[in-house]
Amino acid sequence: MAEWSPSSWTSKPIKQDVTYEDPAAVESALTKLRALPPLVTPHEIVDLKKRLRNVALGKAFVLQGGDCAELFDYCNQDMIEAKVKLLLQMSLILIWGANKPVVRIARIAGQFAKPRSSPNETVNGVTMPSFRGDNINGFAATAESRKPDPSRLVSAYFHSAATLNFLRASLSSGIADLRTPLDWELGHVITPSIKQKYEKIVNSVTDALRFMHTVGLDQDRGVQTAEIFTSHEGLSLEYEQSFTRLLRHPPDALPAPTQSQEKTLRRGSSAAIPKGYYDTSAHFLWIGDRTRQVDGAHVEFFRGLSNPIGIKIGPSMANEELVELLNTVNPTKEIGKVILISRYGAEKISQFLPGHIAAVQAAGHLPVWQCDPMHGNTQSTPYGVKTRHFTNILSELKQALEIHRAAGSFLGGMHLELTGEAVTECVGGAAGLTEEGLSERYETFCDPRLNEKQALELAFLVAGFYRD
Ligand code: PEP
Ligand code: MN
């Protein structure tokens, strides 16, 4: 395969590219970004990669969730806390259900760039460029605001940094201290039998935590803090390239040094410590369904990274193409290096997932299989509102679990669009949200998200799949 460099993607065909008016302004933004410190370190990235290895082997579960499109305005205390609390609660329910550790990854601190089906859209009769995400252009529906602005790339870094700073500070100050009572807010559940079922689960989780406290097991740091890794779609390659740096692999990420490396190390030279390219804008990055062409720019960029990476796969992915993609981004067949994020839709999953699993197994790859039950289940209401039905989301997850069981592989996790706010964007769930009710608090700037109650309920139900 041809030589890779952080810029080798520029010689490949690219989808979803952004055309800026002023190349000098782009260069100046990128120069600034290249000089800024990384947001995450190789040590943390490799830590995540090790955990994902366990997920691939069926020993852990990965919960990934957050907004479809993060906005700079979401960088505030309340919204970050709500999201962290929700992911934490969901993970506790899943640990109880699946009886496995849960790896938490948030779509946060950088999930700004959005791929669009069409470069233009018509708002109130005026055609203008589509909103491409806060790091590219503005949502306000004027031609001026929709112009790509390179200074937004720099702003994306600072909003990511502020979000991550507060996330880290909150976690280390005990926001995730499992000894403090959590408010599970089950008041909205209309049906008494369902409410009773959820209360039983909450009681089991609370009892387990109380028991650990009584016997002193919660002295362990793991109970006082929880790790949350960051992730976003690696769409804007100029931005990602700026944060891709040749850094030393953490010592425990490597095979034991050879004798000659050992000698050089003893002599005090650091030259023998191998390095790799880490994209330090997030722990985990994924390639979207629209940019995953084997010979395209995004795959070229991703194949050189030491980070664990995701690839979205849907009904348009052929079995051979999937294997070729895995061979390209993971030629050494490292276990758990790749998360295959499947998003077929409840109606199509049974048609495509078994073939994909069989092809990957036959090729000798062991990825993490994660179900994204959101993107294949998007539909429009008769009023033209983009929504998703809770029953379809749940159905795709249940089918994924069953298909993997039958194929002798593992459903390693779920990938959700959710928010800690009480929005009304998806239909269904225990509060009985209807299509008519969607307009009450429909706030998303891109795809419809599960609200905090729907997301928690989904965790209860998925936990039930393992327990029932
Ligand atoms: C997304 O995750 O928000 C997204 C755009 O997904 P996909 O690439 O699967 O369509
Ligand atoms: Mn989305």
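Residues numbered from 1 in each chain as written. Chains lettered and ligands numbered in written order. Predicted model: local features only at pLDDT ≥ 70, side-chain atom pairs only at ≥ 80, totals over all residues.

This part covers the pairing of strand E9 (residues 309–313). Within E9, five of the five residues are buried, which leaves the element mostly enclosed by the surrounding structure. Neither face of E9 is open: one carries Ile 309, Ile 311 and Ile 313, the other Gly 310 and Lys 312, and all of them are buried. Two strands pair when backbone bridges link them, and strand E8 (residues 284–287) and E9 are joined in this way by three bridges, in the parallel orientation. Opposite Ile 287, over in E9, you have Ile 311 as the bridge partner. Regarding the hand of the β-α-β motif, the stretch spanning E8, helix H9 (residues 297–302) and E9 is right-handed. Bridging between E9 and strand E10 (residues 338–342) involves five bridges; their strand directions are parallel. Pairing of Ile 311 across the sheet is with Leu 340, part of E10. Regarding topology, helix H10 (residues 319–329) serves as the crossover connection from E9 to the parallel E10, and that connection is right-handed. (Buried ≥ 20, exposed ≤ 12 C-beta atoms within 10 Å, placed from the backbone. Helix = DSSP H or I, 4+ residues; strand = E, 2+ residues; numbered from the N terminus. Pairing = 2+ DSSP bridges. Right-handed = clockwise from strand over helix to strand, strands pointing away.)

With that out of the way, let us pick up the environment of Ala 359. Within the fold, Ala 359 resides in helix H11 (residues 349–363). Given 18 C-beta atoms within 10 Å, Ala 359 falls into the partly exposed group. Each C-alpha atom, one on Ala 359 and one on Gln 16, is 29 Å from the other, the two residues being 343 residues apart in sequence. The residues contacting Ala 359, other than those within four sequence positions of it, are Asn 319, Leu 322 and Val 323. (Contact = placed C-beta atoms within 7 Å.)

Moving on to the site of ligand 1. Residues in close proximity to ligand 1 include Cys 68, Pro 115, Gly 288, Asp 289, Arg 290, Lys 312, Arg 343, His 375 and Asp 447, which together make up its full environment. Partitioned by chemical class, the residues of the shell around ligand 1 number two nonpolar, two polar and five charged. (Near = placed C-beta within 6 Å. Nonpolar A, V, L, I, M, F, W, Y, C, P; charged D, E, K, R; others polar.)

Below, the discussion takes up the nonpolar core. Counting 96 residues, the largest nonpolar core has Met 90, Leu 94, Ala 455 and Ala 459 as the members making the most contacts within it. With residues near it in sequence (within four places) discarded, Ala 459 still touches Met 90, Ile 93 and Leu 94. Counting residues in each nonpolar core, the second largest holds ten residues, with Val 18, Ala 156, Leu 235 and Tyr 239 among its members. (Core = buried A, V, L, I, M, F, W, Y, C linked by C-beta atoms within 7 Å.)

What follows covers the packing of H11 against helix H12 (residues 390–407). Here H11 crosses H12 at 35 degrees, and the two axes come no closer than 10 Å. Here H11 and H12 pass one another in a crossing that is right-handed. Side by side, H11 and H12 meet where Ile 349, Ser 350, Leu 353, Pro 354, Ile 357 and Ala 358 of the first sit next to Glu 396, Gln 399, Ala 400, Ile 403 and Ala 407 of the second. Looking at the contact of H11 with H12 residue by residue, the class counts come to eight nonpolar, two polar and one charged. (Axes fitted to C-alpha atoms, helices over the stretch in contact; angles between N-to-C directions. Left-handed = near helix turned anticlockwise from the far one by under 90°.)

Another aspect to go through is the UniProt feature "binding site: Mn(2+)" (unreviewed entry) in the chain. Here, UniProt's "binding site: Mn(2+)" (unreviewed entry) annotation points to Cys 68, His 375, Glu 417 and Asp 447. A maximum C-alpha distance of 10.0 Å among these annotated residues, which run over 380 residues, shows that they cluster at one spot. Assignment of secondary structure puts Cys 68 in the loop between strand E1 (61–66) and helix H3 (77–98). The class of Cys 68 is buried, set by 22 C-beta atoms lying within 10 Å. Sequence-distant contacts of Cys 68, defined by excluding residues within four places in its chain, comprise Glu 417, Thr 444, Cys 446, Asp 447 and Arg 449. Looking at the secondary structure, you find His 375 in the loop between strand E11 (368–371) and strand E12 (378–380). (UniProt positions renumbered as here; feature names shortened; annotations may be inferred.)

Turning our eyes to something else, we now look at unusual backbone geometry. For residues besides glycine, phi is generally negative; the peptide bonds are generally trans as well. Backbone geometry places Ala 109, a non-glycine residue, at a positive phi of 60 degrees. Its place among the elements puts Ala 109 in the loop between strand E2 (102–107) and strand E3 (120–123). We note that Asn 124 has phi near 50 degrees; this positive angle belongs to a residue other than glycine. Inspection of the secondary structure puts Asn 124 in the loop between E3 and strand E4 (126–129). When the 6 C-beta atoms within 10 Å are taken as the criterion, Asn 124 is described as exposed.

To continue, consider H10. Among the residues of H10, Leu 322, Leu 325, Leu 326 and Val 329 are the ones counted as buried. End-on view of H10: buried residues confined to an arc of 95 degrees, all on one side of the axis. Tucked inside the fold, the buried residues of H10 contact H9, E9, E10 and H11. (Arc of directions from axis to C-beta.)

Here we come to the sheet that holds strand E14 (residues 413–417). Taken in spatial order, the eight strands line up as E1-E2-E5-E8-E9-E10-E11-E14 and close into a barrel, and their pairing is parallel. Neighbour-to-neighbour, the strand axes of the sheet open up by a mean angle of 25 degrees, direction not taken into account. Relative to E2, E1 is paired through six bridges, and the arrangement is parallel. When the sheet's bridge partners are listed, Val 62 is paired in E2 with Val 103.

Further remarks concern the packing of H10 against H11. In contact at an axis separation of 9 Å, H10 and H11 are set at 45 degrees when each is read in the N-to-C sense. Comparing the axis directions of H10 and H11 gives the class oblique. As H10 runs across H11, the sense of the crossing is right-handed. Residues Asn 319, Leu 322, Val 323 and Leu 326 of H10 form the contact with H11, whose own contacting residues are Gly 355, His 356, Ala 359, Val 360 and Ala 363. (Parallel < 35°, antiparallel > 145°, perpendicular 65-115°, else oblique.)

Turning next to the UniProt feature "binding site: phosphoenolpyruvate" (unreviewed entry) in the chain. Per the UniProt annotation, the sites labelled "binding site: phosphoenolpyruvate" (unreviewed entry) are Arg 107, Lys 312 and Arg 343. Note on placement: Arg 107 falls in strand E2. Assessed through the 25 C-beta atoms surrounding it within 10 Å, Arg 107 is described here as buried. Setting aside residues up to four positions removed in sequence, Arg 107 forms contacts with Gln 64, Gly 65, Gly 66, Asp 67, Ser 231 and His 232. Here Arg 343 shows up in the loop between E10 and H11. Under the C-beta neighbour-count criterion, Arg 343 is labelled buried, with 23 such atoms within 10 Å. Setting aside anything within four residues of it in sequence, one finds Arg 343 in contact with Asp 289, Lys 312, Gly 314, Asp 372, His 375 and Gly 376.

The next point concerns helix H2 (residues 42–56). Helix length check: H2 (15 residues) gives 21 Å between terminal C-alpha atoms against 21 Å at 1.5 Å per residue, within 8%. All buried positions along H2 are accounted for by Pro 42, Ile 45, Val 46, Leu 48, Lys 49, Arg 51, Leu 52, Val 55 and Ala 56. Looking one or two residues past H2, Gly 58 carries a phi angle of roughly 85 degrees, positive in sign. (Expected span 1.5 Å × (residues − 1).)

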